[in-house]
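# Structure assessment
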Amino acid sequence: MNWRFPLAAGRTALVAAAGAFAVSALFLLLAGQDPLRAAFVMIGGALGSLDAAYEVLTRTIPLAILGLGIAVAFRANVYNIGADGQFMLGAIAATVAIQATGDLGGLSLPWLLAAGAVGGALFGALAGWLRARFDASEIIVTIMLNYIALQFLAWLVRGPIQETVAILPRSNLIPEPAFMPDFSDGQTHAGIVIALVLAVIVFAVLRHSVFGYRLDAVGESRPAAEYGGISAGRVIVLAMAASGGLCGLAGAVEVAGVFHRLEENMAPGAGVTAIAVALLARLNPLAIPFTALLFGVLTVGAGALQRQMGVPFPLLWIIEAVVIFAFLLAGVRRTRPA
Amino acid sequence: MDQIFLVGLLAAAFRLATPVLFAALGEAVSQRAGVLNVGIEGMMLVGAFTGAWGAVVTGSPWLGLLAAIAAGIAMAAIHALVCLYYRVDQIVAGIALTVLGLGLSGFGYRLTFGSGSGGVRIPTFEKLDFGALGQVPVLGPVLFQHHAMVYAVLVIALAQWWFMARTGWGLAIRAVGEDPAAAHASGLGVLRTRTACLLWGGAMAGAGGAYLSIAEIGNFVEDMVAGRGFIAIACVVYGRWNSIGVLFATLFFGAADAAQIRLQALNPDIPYQFFVMLPYVLAVGALVFLSRRSRLPAALAQPFVPPR
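Residues numbered from 1 in each chain as written. Chains lettered and ligands numbered in written order. Predicted model: local features only at pLDDT ≥ 70, side-chain atom pairs only at ≥ 80, totals over all residues.

## Section: the overall build of chain A
Helix and strand content of chain A: 13 helices and two strands. Compactness check: chain A gives a C-alpha radius of gyration of 20 Å against a globular reference of 20 Å for 338 residues, within 12% of the reference. By principal-axis analysis of the C-alpha atoms, chain A measures approximately 70 × 60 × 30 Å. Expressed as a percentage of the 338 residues in chain A, the buried residues total 56%. (Helix = DSSP H or I, 4+ residues; strand = E, 2+ residues; numbered from the N terminus. Rg over C-alpha atoms; globule rule 2.2 N^0.38 Å. Buried ≥ 20, exposed ≤ 12 C-beta atoms within 10 Å, placed from the backbone.)

## A short note on the overall build of chain B
A tally of regular secondary structure across chain B gives twelve helices and zero strands. If you list the helices and strands of chain B from N to C, you get α-α-α-α-α-α-α-α-α-α-α-α. Each of the 308 residues in chain B was classed as buried or not, and the buried ones make up 52%. Sequence-distant contacts in chain B: of pairs separated by 6 or more residues, those separated by 24 or more amount to 79%. (Contact = placed C-beta atoms within 7 Å.)

## Focus: the interface of chain B and chain A
Opposite the 39 residues of chain B that make contact, chain A presents 36 residues. Elements that contribute at least two residues to the side of chain B that touches chain A include exactly helix H4 (90–111), helix H10 (228–238) and helix H12 (272–290) of chain B. Residue composition of the side of chain B that touches chain A, grouped by class: 30 nonpolar, five polar and four charged. (Nonpolar A, V, L, I, M, F, W, Y, C, P; charged D, E, K, R; others polar.)

## Looking at the packing of helix H1 (residues 3–32) of chain B against helix H9 (residues 190–216) of chain B
Residue and element names in this part refer to chain B. Relative orientation of the contacting elements H1 and H9 amounts to 170°, with a least axis distance of 7 Å. Comparing the axis directions of H1 and H9 gives the class roughly antiparallel. Along the lines of polarity and charge, the residues of the contact of H1 with H9 split into 15 nonpolar, six polar and three charged. (Axes fitted to C-alpha atoms, helices over the stretch in contact; angles between N-to-C directions. Parallel < 35°, antiparallel > 145°, perpendicular 65-115°, else oblique.)

## Some words on H12 of chain B
Side chains three or four residues apart in an α-helix point the same way, a direct result of the helix having 3.6 residues per turn. Here H12 of chain B contains 19 residues, and its C-alpha end-to-end distance of 28 Å stays within 8% of the 27 Å for a straight helix at 1.5 Å per residue. Its axis deflected by about 40° at Leu278 of chain B, H12 of chain B carries its strongest bend there, up to four residues before the proline Pro279 of chain B. Of the positions making up H12 of chain B, those classed as buried are Phe275, Val276, Met277, Pro279, Tyr280, Ala283, Val284, Ala286 and Leu287 of chain B. The inward-facing, buried residues of H12 of chain B contact helix H6 (138–156) of chain A together with H10 and helix H11 (243–266) of chain B. (Expected span 1.5 Å × (residues − 1). Bend = angle between axes of the 7 residues up to and from the residue.)

## Side note on helix H5 (residues 108–134) of chain A
Residues and elements named next belong to chain A. Counted at 1.5 Å a residue, the expected span for H5 with its 27 residues is 39 Å, and the 39 Å between its end C-alpha atoms agrees. In terms of burial, H5 is a largely internal element, 20 of the 27 residues being buried. A positive backbone phi angle near 60° is found at Asp135, which sits one or two residues after H5.

## Brief notes about the environment of Gly82 of chain A
Along the polypeptide, Gly82 of chain A turns up in the loop between helix H3 (50–75) and helix H4 (83–101). Setting aside residues no more than four positions away along its own chain, Gly82 of chain A makes contact with Gly124, Ala127, Thr142, Ile143, Leu145 and Asn146 of chain A.

## Section: the confidence of the model for chain B
Confidence in the prediction for chain B averages 91 pLDDT; 98% of positions are at 70 or higher. With a pTM of 0.92, the predicted complex shows an ipTM of 0.92. (pLDDT = per-residue confidence, 0-100.)

## A word on the environment of Arg282 of chain A
All names here are of chain A. Residue position: Arg282 is located in the loop between helix H11 (270–280) and helix H12 (288–309). Taking the number of C-beta atoms within 10 Å as the measure of exposure, Arg282 has 22 and is therefore buried. For Arg282 and Thr12, which are 270 residues apart along the polypeptide, the C-alpha to C-alpha distance reads 8.2 Å.

## Notes on the packing of helix H6 (residues 148–166) of chain B against helix H7 (residues 168–178) of chain B
Residue and element names in this part refer to chain B. Look at H6 against H7: their axes get within 5 Å of each other, and the N-to-C directions meet at 75°. Taken together, the axes of H6 and H7 are roughly perpendicular relative to one another. Two secondary-structure elements touch here, H6 through Phe163, Met164, Ala165 and Arg166 and H7 through Trp169, Gly170 and Ile173. Residues that form the contact of H6 with H7 fall into these classes: five nonpolar, one polar and one charged.

In structure tokens, the structure reads:
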């Protein structure tokens, strides 16, 4: 992972795009559809109207923040597959916190967002600590924690924090001052500003801070980092806390910006998409908002494809897998051993 | 706990352990050869879909199973190509494989028998009839009222243990996973051996997925594997890469899963979600207690470049 090769990043994008187009065309033909027409439907569905463009923007926000979270962990070679669980814990913490205190006026939104970040950070740090202290594979642990968070959320919205009328599995609305400022009659919200600011902050921290240096050192080689006096265990815990904190913040932003309450399935599949977002950006935080936008377009476009042409939505996941493979293959250097 | 409860629990433990055991046995061999495959979940999903679809198209669950095995092998071939010959990061490739499996199975399902509104009947395996043996109290229901695949996987576990521990080929696989350079120097084809082991892992994961759809549940549901692929990887660690150890690890998980389903019914005042969590919590707990003490195959997840 090197910052200084925009050319290499361009090559990744090219390989990914070519692969994604080829594979999508193949599967569209399998579905008995004309790939060219499908491309028009996808682009028209995602960018053909103002409404659609707003939806793309709204979908981009969580993908960008989750992608930043993934990038922080992956830079330290810590494979956080638990973005979905940390997102849920963030959404839960945000909702519970604001409902516990009630309306705090101008402080409501910052309080909600901070609570979400802390909720996600603690959940992430748990996995990091189990890895650092007990060598428990963070891949399996974070996946297991996803399923645990899913059940925990399912219980909460049917039990202790279910809406007062107790009809649907969801919480009461949060107080209005905690809503994210929105644009165009609520079609999209200010979360995009948060995502962009976060991208700059994460870039600055990774590039210019001691913490960022330590992440990269541990990512390159744990033994070498330890030899250089860095406590790899601490870095892993902190990396997972930061990663989980960002993912939790994404959950809080969705609560404040879109749902205005706690629900199930607030961002289905987003954790996996965020991995593709981060990898396609070659883990560069400044590139992540753009790759997130790309996947926002793909997500909304895949929805249009399903509605208008009956092409199954899971095509999106196939495209995501192709993008990740392309990222991997574009990074291959033909090395000949000495 | 009365006898009926315990008998039901043990019988269910075998049934619920089977899909995980299939996948974990294959993963154990892959890892012994030095290849990490975290894409098991995706392979099982593809196996579950292909098995069900193959059974619907051909009308035979056996042909469905064959199709699932072939699909699992195809998925493993992708992993072998990019990880062994292009030497990309095996963990990230495995994540991509999981996503690919999710996409392929969901896409295929909605395109074929999932598209109609009416339910399509999937031809499923019948449980074996052992006659009088099945009527023996306790032992009958626990051991002699299962699908053929349950017995098949138990036989495979024993055979695989013997193969890995007692044959020259098993030794070759272990050598390739411990010290590929030495294995290569002694004339073993490292990449060929690793490819073969990965393909075996794919076949087994495909079969495990098919067990879910055409034996245990009799239906395909998107994302129906529900983390079992990752629990299988954890079971390889608990079983210490040993087929018999893996067998007991998966039986433990089968029992835990069976227990949580029964405890839900017995404790209606405790929210059921906490019981559903139980196997996942156990998986984390077991990893915490056993990871430090386990010794990974020395060359696990390390790419091998054949010297020329």
